[in-house]
Amino acid sequence: MGAQYSSLSDLKSNEYLSRFVSETSISSTDPFWNHFLSFRLQSPFTTSQSKLLDESTATYLQQFESNNPRTNNYGTLIEVFIRLATTLRDECDDNSLVWQTYSALFVLRSITKYFIEIDSEQNLNLYFVPQENSMEHISFISIFVDTLFRTTIILPVTSYSYALHLEVLNTLLALLSIQMCAKEAILISSIYSIFMHRLDPLLISEFTRTLLEHFIKQIECPVFLTMDTITKSNTDSGSLYKIGQSVASSLWSVVTLGMSSSTTPTTPASEEATNATEPTNILHNRHLSNQSIHLLLILTNHFTNDAHRNPYRLALLHFTDTQDTPTNLPDSEPLPWFSVDYRCLYDVICQTVHTEQSTLLLYMLLHRNQHFKAYVISRTNIDQIVLPILRIIYTATDGNSHHIYMSLIILLILSEDDYFNKTIHDIKLKKLTWYTERSINEISLGGLLIAIVLRTIQYNMARMRDKYLHTNCLAALANMSSQFQNLHTYVTQRIISLFNLLARKHSKILELIQQQPKQKQTTSELHLKSDLQPLPSTDEIVNEYIQDLSIIEDVMRMVLEIINSCLTHTLRLNSNLIYALLYNRDLFDNYRTHPNFQDVLQNIDTVIVYFAEKVDQSQQRSAEYVKEVIETNARQFPLDRLKKFPDLKFKYVEEEQPEDFFVPYVWTLVYKSCNLHWSSDSVFIFKQPSNNSE
């Protein structure tokens, strides 16, 4: 008998589904499982499909949740899955076994996610408690997770096993989503304790490597899995694959035919074609890679302090290059080190760094994995990784603030290295299609980086309270300033333009402070006449202005220190900056005697006076001739006239409680991009008040 297909209306007549969710307890050796797992469902590849699946099975999940404490069919199905998965390790080529294992896991994942969403302690606690009859005294979920890990590691990824591999990762995400959904910390602790402390460290290290390899390989989802479900239902075989005995009304066929049509792109977006700020542009057809990086980010960003010794984090942040012999590895770390091909990892990060997930992974590796950081900085094509990051920052008006912050921090971390600061000025760029503010025919990578960071500071002047953003931007520029070379005219104009904007704001705030005593009486009258909320007092307004003035003066001084650092170290290579200073020399008149700026302006004045005298001695005043005079005399400038200041060196330091920021951020990415659906009513992590601003 051939396969038959059911519609959503056939759910009531599905005898196997009805028995599974009923009050009937089914033993692990019952032939029922062969029937129940004889068909497979095409995995939902979009959030909307996943949502429809949840809605279609809601009634049955509710019934199952009510009956399972008596039947333990959930535990029995876990036992069946473990048996199938264990057998599969020795029979990897048995496609029918692959599909049955997949089907069992698909049902388990759907139930597990539902239990977690509704916070069903009566169904969850039982499986977290160590089994009394177990020699190792471990919980059922521990064995389940161990089996999932081993399946991922041992089973080769083929067109037939791809769906099973993806379902393993989906199930692990569902288990870990208790962080999003649970109201009580004890349940969260139970799950994460298993992942962090109840598994073999060797297994954890190998699992982490496998996830990273999945991300690197970017294996495409087989075409037959991503084909339109409606189209396939009109063919002889449809979206179901006959494996064992024919089951006319299976859960799989019912749910598959109930799914809506979706179109899945089969080619990744290129760096040029991709909008760097759209989360939907994650390489759609690389589902296994997508879920692998989600799992990596979740597992490595929990328990990040030294006391807990997160084994996934240690493995990820200390792996080495397969093409190189590692040196200076810490002897004290308990985990065995694994290796991956740095070149392949670097290439795939270059291709995907426009996504928030890859940006966050790159941040972690640059910040903590010193071997990979050294590899990245040594690349001659580092523009392939820096340009997408600059594009993210450039499109800040349309983007996610967390993504922008992480991108700026990456630049700050890179700027800590002098070799990076020097080589970015040696890489010349042609016209960039995405940089629309001004047409620049040729500019160095370093010049573009400086221009975009300066633009970011200027753009955010309207939100001056965001001191964190300005601090990171200015720290990166300060680190690079001693290596500024042959800055483009446009870049030097932006430096002066930023100081000019700050100077105008500084003057305006001083004027507002001086006006406050005159407005005191008017303000008092408004207080008496107004029936609305009381207006701020004069003292409160003045204090707010003084705070703004202090921030502006800090930024102004840093800009002057950056200019001073450039003149002190690379004056002879920056004639365009000298020209810009000469042309705007009046801009500094009001600050030469200011106590916050007096010392740092001395060198700038020395340079201005020296080159002004040289220009005045010539007869011509054209811009070309003035630049020629500057270039000639720059080579002869007596550098000993400049006062020595300490080198500007800033180092990025992570917050004391990084989990406060990274855990909600990572789950936001997973919630938006992993193609699983969680009811917004069940998600609590985003509703909790927190101080998550970095």
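Residues numbered from 1 in each chain as written. Predicted model: local features only at pLDDT ≥ 70, side-chain atom pairs only at ≥ 80, totals over all residues. Heavy atoms only, no water.

Engineer: Teacher, can you tell me more about the overall build of the protein here?
Structural biologist: Each helix and strand counted, the protein has 30 helices and four strands in total. Evaluated residue by residue, the protein yields a buried proportion of 57% over its 694 residues. A separation threshold of at least 6 residues defines the contact pool for the protein, and within that pool the share at least 24 residues apart is 76%. A total of about 30200 Å² of accessible surface is found on the protein, and carbon and sulfur atoms cover 49% of it. (Helix = DSSP H or I, 4+ residues; strand = E, 2+ residues; numbered from the N terminus. Buried < 20%, exposed > 50% of the residue type's maximum accessible area, 1.4 Å probe, protein only. Contact = heavy atoms within 4.5 Å. Areas by Shrake-Rupley, 256 points an atom, 1.4 Å probe, with all protein chains shown as cover.)

Engineer: Help me out: how do you make sense of the pattern of salt bridges in this one?
Structural biologist: Charged atoms that come close allow side chains of opposite charge to pair. Considering all chains together, one arrives at 22 salt bridges under this definition. Close ionic contact of Arg 109 with Glu 167 constitutes a salt bridge, the shortest N to O distance being 2.6 Å. Within this pair, whereas Arg 109 is found in helix α5 (residues 95–117), its partner Glu 167 is found in helix α8 (residues 162–176), the two being separated by 58 residues in sequence. Judged on exposure class, the residue Arg 109 and its partner Glu 167 are both buried. Between Lys 373 and Glu 416 there is a salt bridge, with the nearest N and O atoms lying 3.5 Å from each other. (Salt bridge = Lys/Arg side-chain N within 4 Å of Asp/Glu carboxyl O.)

Engineer: Just to check I follow, could you spell out α8 for this structure?
Structural biologist: For an α-helix, 3.6 residues make a turn, and residues three or four places apart therefore share a direction. Along its 15 residues, α8 runs 21 Å from first to last C-alpha, staying within 8% of the 21 Å computed at 1.5 Å per residue. The element α8 is extensively covered by neighbouring structure, given that 15 of its 15 residues are classed as buried. (Expected span 1.5 Å × (residues − 1).)

Engineer: Could you clarify how one ought to interpret the side chain of Asn 68 in this entry?
Structural biologist: Within the fold, Asn 68 resides in helix α3 (residues 47–71). Owing to a relative accessible area of 2%, Asn 68 belongs among the buried residues under this scheme. The residues contacting Asn 68, other than those within four sequence positions of it, are Asn 73, Tyr 74, Phe 115, Asn 123 and Tyr 127.

Engineer: When you look at the packing of helix α11 (residues 201–217) against helix α15 (residues 287–300) in this model, what are you seeing that I'm missing?
Structural biologist: In helix packing, the relevant descriptors are the interaxial angle and the interaxial distance, both defined with respect to the helix axes. Where α11 meets α15, the axes come as close as 8 Å, and the angle between the chain directions of the two elements is 140 degrees. Considered as vectors, α11 and α15 are oriented oblique to each other. Crossing hand, α11 versus α15: left-handed. When α11 is examined against α15, the residues Phe 207, Thr 208, Leu 211, Leu 212, His 214 and Phe 215 are found in contact with a partner set consisting of Leu 288, Ser 289, Ser 292, Ile 293, Leu 295, Leu 296 and Leu 299. (Axes fitted to C-alpha atoms, helices over the stretch in contact; angles between N-to-C directions. Parallel < 35°, antiparallel > 145°, perpendicular 65-115°, else oblique. Left-handed = near helix turned anticlockwise from the far one by under 90°.)

Engineer: So what exactly am I meant to see when it comes to the environment of Thr 226 here?
Structural biologist: For Thr 226, the position within the fold is in helix α12 (residues 223–226). With relative accessibility at 11%, the residue Thr 226 sits in the buried group. A C-alpha to C-alpha distance of 8.6 Å links Thr 226 and Ser 43, two positions 183 residues apart in sequence.

Engineer: How do you make sense of unusual backbone geometry when you look at a structure like this?
Structural biologist: Excluding glycine, a negative phi dihedral is what most residues carry, and trans is how most peptide bonds are arranged. A positive phi angle, close to 55 degrees, is found at Asn 72, a residue other than glycine. Taking the relative accessible area as the measure of exposure, Asn 72 reaches 30% and is therefore partly exposed. Even without being a glycine, Gln 218 presents a positive backbone phi close to 50 degrees. Looking at the secondary structure, you find Gln 218 in the loop between α11 and α12. Given a relative accessible area of 11%, Gln 218 falls into the buried group.

Engineer: I keep staring at the side chain of Thr 112 and nothing clicks. Help me out?
Structural biologist: With respect to the element layout, Thr 112 can be found in helix α5. Residue Thr 112 is classed as buried on the basis of its relative accessible area of 1%. Here the side chain of Thr 112 touches Tyr 74 through a polar contact of 2.6 Å, side chain to side chain. Polar side-chain contacts of Thr 112 include one of 2.7 Å to the backbone oxygen of Leu 108. Once residues lying within four places of it in the same chain are set aside, the contact partners of Thr 112 are Tyr 74 and Leu 175. (Polar contact = N/O pair within 3.5 Å; in protein donor to acceptor, adjacent residues only side chain to side chain.)

Engineer: Would you mind going over the packing of helix α7 (residues 140–154) against α8 with me for this structure?
Structural biologist: At their nearest, the axes of α7 and α8 sit 10 Å apart, and the two run at 145 degrees to each other. In this structure, α7 crosses over α8, and the sense of that crossing is left-handed. Contacts between α7 and α8 involve Phe 144, Val 145, Leu 148, Phe 149, Thr 151 and Thr 152 on the former and, on the latter, Leu 164, His 165, Val 168, Leu 169, Thr 171, Leu 172 and Leu 175. The class makeup of the residues in the contact of α7 with α8 is nine nonpolar, four polar and no charged. (Nonpolar A, V, L, I, M, F, W, Y, C, P; charged D, E, K, R; others polar.)

Engineer: Sorry if this is basic, but what is going on with helix α30 (residues 659–673) here?
Structural biologist: Look at α30: 20 Å from first C-alpha to last across 15 residues, which is about the 21 Å you get at 1.5 Å a residue. Within α30, burial applies to Phe 661, Phe 662, Val 663, Pro 664, Tyr 665, Val 666, Trp 667, Leu 669, Val 670 and Ser 673. Downstream of α30 by a residue or two, Asn 675 has a phi angle that is positive, lying close to 70 degrees.

Engineer: I would appreciate a short explanation of the packing of aromatic side chains in the present structure.
Structural biologist: Here a ring pair, both rings aromatic, is described through the centre-centre distance and the interplanar angle of the planes. Going through the model one piece at a time under the given rule, you end up with 40 aromatic pairs. Where Tyr 192 meets Phe 303, the ring centres are 6.4 Å apart and the plane angle is 55 degrees; that geometry is what we call tilted. Within this pair, whereas Tyr 192 is found in helix α10 (residues 185–197), its partner Phe 303 is found in the loop between α15 and α16 (311–316), the two being separated by 111 residues in sequence. Take Phe 303: its relative accessible area is 23%, and that puts it in the partly exposed class. The ring of Tyr 394 carries Arg 455 above its face, with NZ or CZ at 4.3 Å from the centroid. (Phe/Tyr/Trp six-rings, centres within 6.5 Å; stacked < 30°, edge-to-face > 60°. Lys NZ or Arg CZ within 6 Å of the ring centre and 35° of its normal.)

Engineer: How do you make sense of the environment of Ile 413 when you look at a structure like this?
Structural biologist: Looking at the element boundaries, Ile 413 is found in helix α21 (residues 401–415). Overall, Ile 413 belongs to the buried group, its relative accessible area being 2%. Expressed as a C-alpha distance, the spacing of Ile 413 and Ala 476, which sit 63 residues apart in the sequence, is 7.9 Å. If we skip the residues at most four places from it in the chain, Ile 413 touches Tyr 363, Leu 366, His 367, Lys 373 and Tyr 652.

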